[in-house]
Amino acid sequence: MSAQREMKEKNPWHTPVTIIITVIGVIAIVALVTVAVVQNRPLPQKYKYGIVLDAGSSHTALYIYEWPAEKDNNTGRVEQKHSCKVDGPGISSYASAPLKAGQSLRECMQKAEKWVPSKRHHETPLYLGATAGMRLLNMVDSVASEDVFQAVKEALQKFPFSYQGARILSGQEEGAFGWVTVNYLDERLKQGLETTGALDLGGASTQISFVSDNYDGSESPNNSVNFRLYGNDYNLYTHSFLCYGKDQAHRLKLAHQTQSGPNAVADPCSHPGYNATKKYSVLYDSPCVSDRKPQGAPATFHHTGTGNLQQCQEVVRNVFNFTDCKYSHCSFNGVFQPILQGGFGAFSAYYFVMDFLNLTDTTVPLEAVKEQLKAYCATPWDQIVQQHPKAKLKYLAEYCFSGTYILSLLTEGYNFTSVTYSDIKFIEKIKGSDAGWTLGYMLNLTNMIPAEAPDFPPLPHAGYVSIVTIIAVLIFILFLFSLRPLWPRCSKQQQIV
Ligand SMILES: O=c1ccn([C@@H]2O[C@H](COP(=O)(O)OP(=O)(O)O)[C@@H](O)[C@H]2O)c(=O)[nH]1
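Parameters at a glance
In this numbering scheme, every chain counts its residues from 1 along its sequence in written order. Confidence filtering applies because this is a predicted model: local features only for residues at pLDDT of at least 70, side-chain atom pairs given and counted only at 80 or more, and all residues used for totals across whole chains, interfaces and linings. Note on conventions: DSSP H or I runs of at least 4 residues are helices, E runs of at least 2 residues are strands, and numbering of each starts at the N terminus. Atoms considered for the radius of gyration are the C-alpha atoms alone. The globule rule reads 2.2 Å times the number of residues to the power 0.38. Any residue surrounded by 20 or more other C-beta atoms within 10 Å of its C-beta is treated as buried, while 12 or fewer makes it exposed and the intermediate range makes it partly exposed; C-beta atoms here are placed from the backbone. Note on contacts: residues are paired as contacts if their backbone-placed C-beta atoms lie within 7 Å. Residues are counted as near a molecule or strand when the C-beta atom, derived from backbone positions, lies within 6 Å of that molecule or strand. A domain assignment, automatic or from a database, supplies the domain bounds used here. For two strands to be treated as a pair, DSSP must find at least two bridges joining them. Axes, fitted as lines to C-alpha atoms, cover a helix only where it is in contact. Angles between the N-to-C directions of the axes lie from 0 to 180 degrees. UniProt positions are given in the numbering used here, feature names are shortened, and annotations may be inferred rather than shown by experiment. Arc, as used here, means the arc of the directions from the helix axis to the C-beta atoms. The labels follow the angle: roughly parallel below 35 degrees, roughly antiparallel above 145, roughly perpendicular from 65 to 115, and oblique for the rest. Residue polarity is assigned by list, with Asp, Glu, Lys and Arg as charged and Ala, Val, Leu, Ile, Met, Phe, Trp, Tyr, Cys and Pro as nonpolar; anything else, Gly included, falls into the polar class. Two helices that cross are described as forming a left-handed crossing if the nearer one is turned anticlockwise from the farther one by less than a right angle, and a right-handed crossing if clockwise. A set of buried residues drawn from Ala, Val, Leu, Ile, Met, Phe, Trp, Tyr and Cys, joined through C-beta atoms within 7 Å, is what defines a nonpolar core.

Caption draft 1: Looking closely at the overall build of the protein chain. Secondary structure assignment for the protein chain yields 18 helices and 16 strands. Against the globule reference of 23 Å for 497 residues, the protein chain gives a C-alpha radius of gyration of 33 Å, more extended than a compact globule. Sorting the 497 residues of the protein chain into buried and exposed places 37% on the buried side. Within the protein chain, contacts between residues separated by at least 24 positions form 78% of all contacts whose residues are at least 6 apart in sequence.

Caption draft 2: Geometry of the site of the ligand. Close to the ligand lie 20 residues; G56, S57, S58, G202 and G203 are nearest. At the level of elements, helix 5 (132-140), helix 8 (246-257) and helix 11 (349-356) are the ones that each hand at least two residues to the shell around the ligand. Tallying contributions element by element places helix 11 first for the shell around the ligand, with three residues. Counting the residues that make up the shell around the ligand, at least three belong to each of domain 2 (45-168) and domain 3 (171-440).

Caption draft 3: Here's a closer look at the sheet that holds strand 6 (residues 197-201). In spatial order, the strands read 8-9-7-6-13-14; together these six strands make up an open sheet with mixed pairing. Where the open sheet ends on each side, the last strands, each with one partner, are strand 8 (224-229) and strand 14 (424-426). The average angle at which neighbouring strand axes cross in this sheet is 20°, direction not considered. Across six bridges, strand 8 lies against strand 9 (residues 232-242) in antiparallel orientation. Bridging across to strand 9, R228 finds its partner in D233.

Caption draft 4: Examining the sheet that holds strand 10 (residues 264-267) more closely. In space, the three strands of this open sheet follow the order 10-12-11, with mixed pairing throughout. Both edges of this open sheet fall to strand 10 and strand 11 (275-279), since each of them pairs with a single strand only. Sheet twist, expressed as the average angle between the axes of neighbouring strands with direction ignored, equals 25°. Of the strand pairs in this sheet, strand 10 and strand 12 (residues 300-305) are connected by four bridges, and their pairing is parallel. In the sheet register, V265 faces strand 12, and the bridge partner there is H303.

Caption draft 5: Looking closely at the UniProt feature "active site" (unreviewed entry) in the protein chain. The sites that UniProt annotates as "active site" (unreviewed entry) are E174. On the secondary structure map, E174 appears in helix 7 (residues 171-185). Note on E174: 28 C-beta atoms within 10 Å, which makes it buried.

Caption draft 6: Seen up close, helix 10 (residues 309-317). Turning to helix 10, its buried residues number three or more, namely L309, C312, Q313 and V316. Projected down its long axis, helix 10 carries its buried residues within an arc of 105°, all on one side. Residues of helix 10 that are buried in the fold lie against helix 8, helix 12 (366-378) and helix 15 (399-413).

Caption draft 7: Seen up close, the environment of Q311. Along the polypeptide, Q311 turns up in helix 10. The exposure class of Q311 is partly exposed, given the 16 C-beta atoms found within 10 Å.

Caption draft 8: Focus on the environment of Q207. Here Q207 is to be found in strand 7 (residues 205-211). For Q207, a count of 28 C-beta atoms within 10 Å puts it in the buried group. Each C-alpha atom of the pair Q207 and E173 lies 9.9 Å from the other, and the pair is 34 residues apart in sequence. If we ignore the near neighbours within four places in the chain, the residues touching Q207 are G171, E174, G175, G178, D200, T238 and S240.

Caption draft 9: Highlighting the pairing of strand 9. The sheet contact formed by strand 7 and strand 9 spans seven bridges and is antiparallel. Residue T206 lies in a different strand from strand 9, and its bridge partner there is F241.

Caption draft 10: Fine view of the packing of helix 5 against helix 6 (residues 142-157). Axis separation between helix 5 and helix 6 bottoms out at 5 Å; the angle between their running directions is 135°. The angle between the axes of helix 5 and helix 6 places the two elements in the oblique class. Where helix 5 abuts helix 6, its residues M134, L137 and N138 lie against S142, A144 and S145. For the contact of helix 5 with helix 6, the per-class residue count stands at three nonpolar, three polar and no charged.

Caption draft 11: Inspection of the environment of K279 at higher detail. For K279, the position within the fold is in strand 11. Once the C-alpha coordinates of K279 and Y441 are considered, the two residues, 162 residues apart in sequence, prove to be 38 Å apart.

Caption draft 12: Structural detail: the packing of helix 10 against helix 15. At a minimum axis distance of 10 Å, the contact between helix 10 and helix 15 shows a crossing angle of 60°. The angle between the axes of helix 10 and helix 15 places the two elements in the oblique class. As for the relative orientation of helix 10 and helix 15, their crossing is right-handed in sense. Along its contact with helix 10, which presents L309, C312, Q313, V316 and R317, the element helix 15 presents C400, F401, T404, Y405, S408 and E412. The residue makeup of the contact of helix 10 with helix 15, split by class, is six nonpolar, three polar and two charged.

Caption draft 13: Main features of the nonpolar core. Counting residues in each nonpolar core, the largest one holds 105 residues, and the members touching the most others are V152, A346, Y350 and I406. Two domains share this core, each providing at least three of its residues, namely domain 2 (45-168) and domain 3 (171-440). When sequence neighbours within four positions are dropped, the list of residues in contact with Y350 reads L199, L201, I406 and F426.

Here's what the structure looks like:
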């Protein structure tokens, strides 16, 4: 007993001061870690929204984007949350009944009202951008184009969102914002990586946009767009070919085939057995072809198919002009194009068509792709209809042409070779968001891509908690060491002895 008491007296750990200091130290550390874990817990995520309507030549689509509300400088990732395809044709088709253009948007707008939380409605920007269909209507009838916009504006303003305007995008904007979208979604801009080119095929126009070391904007400055994004400067080459979307290109091709106003056209780009009667007035009702209307042609012509890829390629080639080029390099129609560089994302109708034809895999050699297309074009029309009972006949009748046109545009128009063809990726979406100009347009108008790289992001919650815990444990160990002079000098055994 006395030996035990002696040991207790000699052991400084048992003095009241050290016990109190140790207890306070432990409480302090527990409090510090508790504050780190509890107080710094991320708040439940709140989101902001933006709505963009893409008023294309063939249809209108509505996209809803969402991003975290509390990120400083709007640097949070913007994602597409919902999309809605408007029933009916593009707004340019309502030139003679503009009110219907506005009415056509109602259903998708009502859905948008449900998708966006009501307390966010008033602060949600709403944009409508129209592309080549309205560009063409504006060229032939600017009053009708204004009337359509007026009707659309009135319809959109009835909804509780923050309406930011409806306008026609220039071809250059359409190309450049498509490029921004693709590179934003791939996170190439934020990370300063080499960018991907953008190939967009619509119904009435087509765009090509890419960054090339050979292009600084001095040759053909009209094709140059400069961006400063996340601290990097980009000199983008972009060109939009009006009338070279797949629907207008189809008209260009038919206009070429009906130059002398025959009453029958045997078309190698249509399937054998295909047979339709078409009106000359409808075919030539577009500024892309109206000046070529043959004189004294009958009212209608019979459009039949022969399904021959090689001949189809020859007919398609006629829609391009490869003769004039006053620049160092051209694509077609005398338009400057620098040397192709890097990977390309091909979206919109590029994807719809190549996906339908099962030709999205660009690692398949170009020659094999053509063989597959050749067999498809040669398939009799009734067989095609039977194999695709759900497909729209209008689309179905044109996939042979569309596939041939896409290959011709890419290889003969833009100069992709059988080697560089594999640099193209046919894409519909990137990480859940549709590839297209709409996201880039909204990011630009809401200043959501900063010109300079944002400051180093603060630590995530888990990182913060771990660091505080490590520091607390280290302080505790230091504290124990600081009490070293009070540590017992001898081992227990020695003390007993
Ligand atoms: O499932 C589909 C949906 C659309 N399209 C075509 O894709 C093009 C899209 O054109 P849009 O109206 O969007 O574009 P714009 O001409 O305004 O650029 C049109 O030729 C449509 O016919 C298609 O081939 N398959």
